[in-house]
Every structure is written in C-alpha cells, then in structure tokens.
Amino acid sequence: MGGFLRCNLFRGVDHRQVDAALDEFWRAEGYRLVDAGVGQGDFYTLYEEYNGWTVLDWTRGWEWDLRRRAQLHVSRVYDCPGLLAFLYDGDYWGYELFHHGAEVDHFVQQADADQGFFADRPVEGRPELLLEQFPELGLDLADARGYLTGYRVDDPAFDDFAWEDDDPRNSPVREGDGYGRFDGGALFDFLRFLGVKWHTGRDADPPAWRWFTTEPS
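Worth saying up front: this structure is predicted, and the values here are computed from it rather than measured. (Residues numbered from 1 in each chain as written. Predicted model: local features only at pLDDT ≥ 70, side-chain atom pairs only at ≥ 80, totals over all residues. Heavy atoms only, no water.)

Mapped onto the secondary structure, Arg-6 falls in strand 1 (residues 5-11). Nearest to the buried, unbridged Arg-6 among oppositely charged side chains is Glu-63, at 6.4 Å. A polar side-chain atom of Arg-6 sits 3.1 Å from the main-chain carbonyl oxygen of Thr-59. With residues near it in sequence (within four places) discarded, Arg-6 still touches Leu-56, Asp-57, Trp-58, Thr-59, Arg-60, Gly-61, Trp-62, Glu-63, Trp-64, Arg-67, Ala-85 and Phe-86. (Helix = DSSP H or I, 4+ residues; strand = E, 2+ residues; numbered from the N terminus. Buried < 20%, exposed > 50% of the residue type's maximum accessible area, 1.4 Å probe, protein only. Lys, Arg positive; Asp, Glu negative; His and termini not counted. Salt bridge = Lys/Arg side-chain N within 4 Å of Asp/Glu carboxyl O. Polar contact = N/O pair within 3.5 Å; in protein donor to acceptor, adjacent residues only side chain to side chain. Contact = heavy atoms within 4.5 Å.)

Before going further, it helps to examine the pattern of salt bridges. A complete count under the given rule lists 14 salt bridges for this structure. Connected through shared salt-bridge partners, Arg-68, Glu-96, Glu-103 and Arg-121 make up one network.

Glancing now at the environment of Thr-59. Structurally, Thr-59 can be placed in the loop between strand 4 (53-57) and helix 2 (65-78). It is 9.2 Å that separates the C-alpha atoms of Thr-59 and Phe-212, two residues lying 153 residues apart in sequence. Side-chain polar atoms of Thr-59 contact the side chain of Arg-67, separated by 2.7 Å.

Positionally, Arg-181 belongs in the loop between helix 4 (141-147) and helix 5 (186-194). Residues Arg-181 and His-99, spaced 82 residues apart in sequence, show a C-alpha to C-alpha distance of 26 Å. Setting aside residues no more than four positions away along its own chain, Arg-181 makes contact with Gln-109, Gly-146, Thr-149, Arg-169, Asn-170, Ser-171, Pro-172, Val-173 and Ala-186.

The next subject is the environment of Tyr-95. Looking at the secondary structure, you find Tyr-95 in strand 6 (residues 92-99). The exposure class assigned to Tyr-95 is buried, which follows from its relative accessible area of 0%. Sequence separation of Tyr-95 and Leu-148 is 53 residues, and the distance between their C-alpha atoms is 9.9 Å. Not counting residues within four places of it along the chain, the set of residues in contact with Tyr-95 comprises Leu-83, Leu-84, Ala-85, Phe-86, Asp-105, His-106, Phe-107, Phe-118, Leu-130, Leu-148 and Phe-190.

Right, let's talk about the nonpolar core for a bit. Judged by nonpolar contacts, the single largest core of 31 residues is most densely connected at Leu-9, Leu-83, Trp-93, Tyr-95, Phe-190 and Leu-194. Elements that contribute at least two residues to this core include exactly strand 1, strand 4, strand 5 (82-88), strand 6, helix 3 (127-133), helix 4 and helix 5. It is helix 5 that contributes the most residues to this core, six residues altogether. If we ignore the near neighbours within four places in the chain, the residues touching Phe-190 are Leu-83, Trp-93, Tyr-95, Leu-130 and Tyr-147. Val-18, Ala-70, Phe-182 and Phe-212 belong to the second largest nonpolar core, which has 29 residues in total. (Core = buried A, V, L, I, M, F, W, Y, C linked by side-chain atoms within 4.5 Å.)

The tally for this structure, following the rule as stated, stands at zero disulfides. Of the cysteine sulfurs around Cys-7, a residue in no disulfide, the closest is that of Cys-80, at 14 Å. Judged by relative accessible area, which is 0%, Cys-7 ranks as buried. Taking relative accessible area as the criterion, Cys-80 reaches 3% and is therefore assigned buried. (Disulfide = S-S within 2.5 Å.)

What follows is about the sheet that holds strand 4. Ordered by their spatial adjacency, eight strands build an open sheet running 2-8-3-4-1-5-6-7, and the pairing between neighbours is antiparallel. The open sheet has two edge strands, strand 2 (31-35) and strand 7 (102-108), and neither has a second partner. With direction set aside, neighbouring strand axes in the sheet form an average angle of 25 degrees. Here helix 2 sits on the sheet in contact with strand 1, strand 3 (44-47), strand 5, strand 6 and strand 7, set at roughly 40 degrees to strand 6. Relative to the sheet, helix 5 contacts strand 1, strand 4, strand 5 and strand 6, its axis offset from that of strand 5 by approximately 160 degrees. (Pairing = 2+ DSSP bridges. Axes fitted to C-alpha atoms, helices over the stretch in contact; angles between N-to-C directions.)

For the rest of this paragraph, the subject is helix 1 (residues 15-28). Between its first and last C-alpha atoms helix 1 spans 20 Å; for 14 residues at 1.5 Å apiece the expected length is 20 Å, and the two agree. All of the buried residues along helix 1 are His-15, Val-18, Asp-19, Ala-21, Leu-22, Phe-25 and Trp-26. Of the surrounding secondary structure, the elements contacted by the buried residues of helix 1 are strand 1, strand 2, strand 3, strand 4, helix 2 and strand 8 (208-216). A side-chain oxygen of the first residue of helix 1 lies 3.1 Å from the backbone nitrogen of Arg-16; this N-cap is Asp-14. Gly-30, located one to two residues past helix 1, shows a positive phi value of around 90 degrees. (Expected span 1.5 Å × (residues − 1).)

In structure tokens, the structure reads:
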C-alpha cells in the first residue's frame, strides 16, 4: 500500500490568517477548533508560512465536502489563490485549483479513476490556468504541462507500458525530479516546482504552528 496525502496550499496568506478564517468557517458550521494533543490520531497540521505558501495537512478522514468548502472560505476571505493537492494510495495524484473563493480547475493524474473526487468536472488540468493564478512565481508553461500529464489505464497506448522498467514515456519533467511524470510521487516534484518546501511531522522545517481538530460546539 502506498501513501495517502491531502493538503491545502494557500498563497499569499500566513498561518495566522488561515487559522482565523478556518475558525470562522467551522464556527458557522456548528463546530469549534480544538488543539490536538501529542499522539492524537486524527488532526489537522497547520505549518508556518514559508516562501509565500501556507500549508495545511488535512485529517486522516476522507470527508470531502466540508473540508473543500473550508478552503474556499479562506480563499474568499483573503481573495487568495490556492490548491487542494492529494495523493491516493501512492498510485496517482491530483489537485483542485481555486481563487476568489471559487473552483478554477481540476487535475487527476489517473483520469479514469473511479474515486469520484470531483464529480463530473473535467480533470485533465489546464496548465495555463495554473500559471494565471500564480503570476509572481514565473512558472514555465512547458514544465507545468509536463506535470499535468494524465493517463487512462484502459488506454491501448499503455498496454505495453513498463512501470517498473524506466519506460521513457515516464521520464521526469525537470532535471533533479525524483519521480517520473506518471508516478504518483510526481506530486512532490510538482510541489517543489511551485516553491513549496514539503514537510511532515512535528519536527518539520518550516515548523508546524498548530495541531487541531474539530468537534461540535
């Protein structure tokens, strides 16, 4: 079994701002944010802002609607762009791109995955929309297009695909990348492309600022 990951990446706001907006959202939904203790198994981790990005690791639970609405509330309050990025069982990754409190675009690497992440929305990913939301990053369109390379397992073109044998079609997007463009781990190369310093755990760098969970008011 591979890894599971879901996180928000908010651009241009710091961790205190994100915390305040999340508190406002969850209170309106009848919940409150409660600090999580050491060893508690299901909690959010909010990291300190770094390089213009504030990262929020989601809880282990796979509730989808409220958490996505919460991210859009943060975006609406501060008029900031951001992403929900996820890795599914180490097999494939995807994202939801948002700005101005609304969805902008979606990408799922395995385009025929039946997990139902984004209902009937297109999930091919539009790299030009990604660049438009983060103009200050100066992202390269060709590289963005390389990361947003999807596939369908029932595509005859992949009948002879050699996942374990360094198939040339699975070449990394940029020099220094640790994964091929069709690997689920390409998510981590994509984060580095955005300038996000990936980190996990209580000894991360940049450090975690708060661990919390939600409970009914």
